[in-house]
Amino acid sequence: MTTAQDGERFRRSPAFPIGLTLIALFFFAGFCALGAWQVQRLAWKRDLIARVDARIHAAPVPAPRMAAKADEYRRVRISGRFLHDKAALVQAVTVRGAGFWVLTPLVTDRGFTVLVNRGFVPPDRRRDYMRPPGESRISGLLRLSEPGGGFLRSNDPASDRWFSRDVAAIAAARGIGRPVADYFIDADAAADPGALPVGGLTVVAFPNNHLQYAITWFALAAMVAGAYIFVMRQERKDRRG
């Protein structure tokens, strides 16, 4: 016995397989493309992690006058004289809690100034930390400038409120006239673990979820293919019936 519903399905069936096939192909191809893109991103991220890891554990090299993006996290060394009166306190959240980074200009013996993140100080010690006089030798990780501000917070030079380590803005606010490097250095930990500021707190972590994303996209492509096969088989049975 043929019901009204069967008749309705039969009347639309000539166009239905074609439309379904086009839609299924669109989503299947799209999900496969996204999965392949995530596989490419996975290879890129693993290569990036390997290159950064090699830089971090390499012997320090002389700090450059200007930095390229490929220099980030490179271990560098520099010597010079700190301008402690021009230091800037940048709000920070670290494994030691909330507090401030102490960014201090270092006038190098090579004719330029570089901002050095000497390390972390807690809020109650923001003015009470070591200020070594004379020549200082610094080693640490080269970091690219962080312009603009932090998450949902813009730097306010007029009020001396800093939420990111914006090299150009801090240098301008402190009136550093000599050439200033376009990066800052995260200083290594000091020999005295109890000394302030506390250096060596750089967190080097790159989220790497590309494998999970690739599996998800390919799984969705497989689901589309499975659903298409099921529906087409059912359609074939209905037409035979």
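Residues numbered from 1 in each chain as written. Predicted model: local features only at pLDDT ≥ 70, side-chain atom pairs only at ≥ 80, totals over all residues. Heavy atoms only, no water.

Asks: I'd love a proper account of the confidence of the model for the protein chain, names of residues and values included.
Replies: Mean pLDDT over the protein chain: 87, with 94% of residues reaching 70 or higher. Per-element mean pLDDT across the protein chain ranges from 52 in helix α1 (residues 4-12) up to 95 in strand β5 (residues 113-121). (pLDDT = per-residue confidence, 0-100. Helix = DSSP H or I, 4+ residues; strand = E, 2+ residues; numbered from the N terminus.)

Asks: Break down unusual backbone geometry for me, citing the residues and quoting the values.
Replies: Residue P197 is bonded to the preceding L196 through a cis peptide linkage, with omega at -5°. Mapped onto the fold, P197 is located in the loop between β9 (180-187) and α4 (210-240). Here the phi dihedral of D160 falls at roughly 55°; this positive angle occurs in a residue that is not glycine. Structurally, D160 is set in the loop between β8 (153-154) and α3 (167-173). On the accessibility criterion, D160 (36% relative accessible area) is partly exposed. (Buried < 20%, exposed > 50% of the residue type's maximum accessible area, 1.4 Å probe, protein only.)

Asks: Which residues make up the pairing of strand β3 (residues 88-94), and what values go with them?
Replies: Most of β3 sits out of view: five of its seven residues are buried. Connecting β3 to the next strand, strand β4 (residues 97-108), in antiparallel fashion are two residues. (Pairing = 2+ DSSP bridges.)

Asks: Requested: an account of a nonpolar patch on the surface, with residues and values cited.
Replies: Together, I23, F26 and F27 line one region of the surface with nonpolar side chains, adding up to about 340 Å² of accessible area. With respect to the helices, strands and loops of the structure, I23 is situated in helix α2 (residues 16-56). (Patch = residues over 30% accessible without salt bridge, like charges linked within 9 Å, V, L, I, M, F, W, Y side chains within 5 Å. Areas by Shrake-Rupley, 256 points an atom, 1.4 Å probe, with all protein chains shown as cover. Salt bridge = Lys/Arg side-chain N within 4 Å of Asp/Glu carboxyl O.)

Asks: Talk me through the pattern of salt bridges; I want residue IDs and the actual numbers.
Replies: When their charged atoms lie close together, side chains carrying opposite charge are able to pair. Under the definition given, this model contains eight salt bridges. The partner of R143 in a salt bridge is D186, with the nearest N and O atoms 2.8 Å apart. In this pair, R143 is assigned in strand β6 (residues 135-144) and D186 in strand β9, connecting sequence segments 43 residues apart. On the basis of relative accessibility, which here comes to 10%, the residue R143 falls in the buried class. With a relative accessible area of 4%, D186 lands in the buried category. The salt bridge partner of R165 is E146, with a shortest N-O separation of 3.0 Å. With R165 in the loop between β8 and α3 and E146 in the loop between β6 and β7 (149-150), this residue pair connects regions lying 19 residues apart in the sequence.

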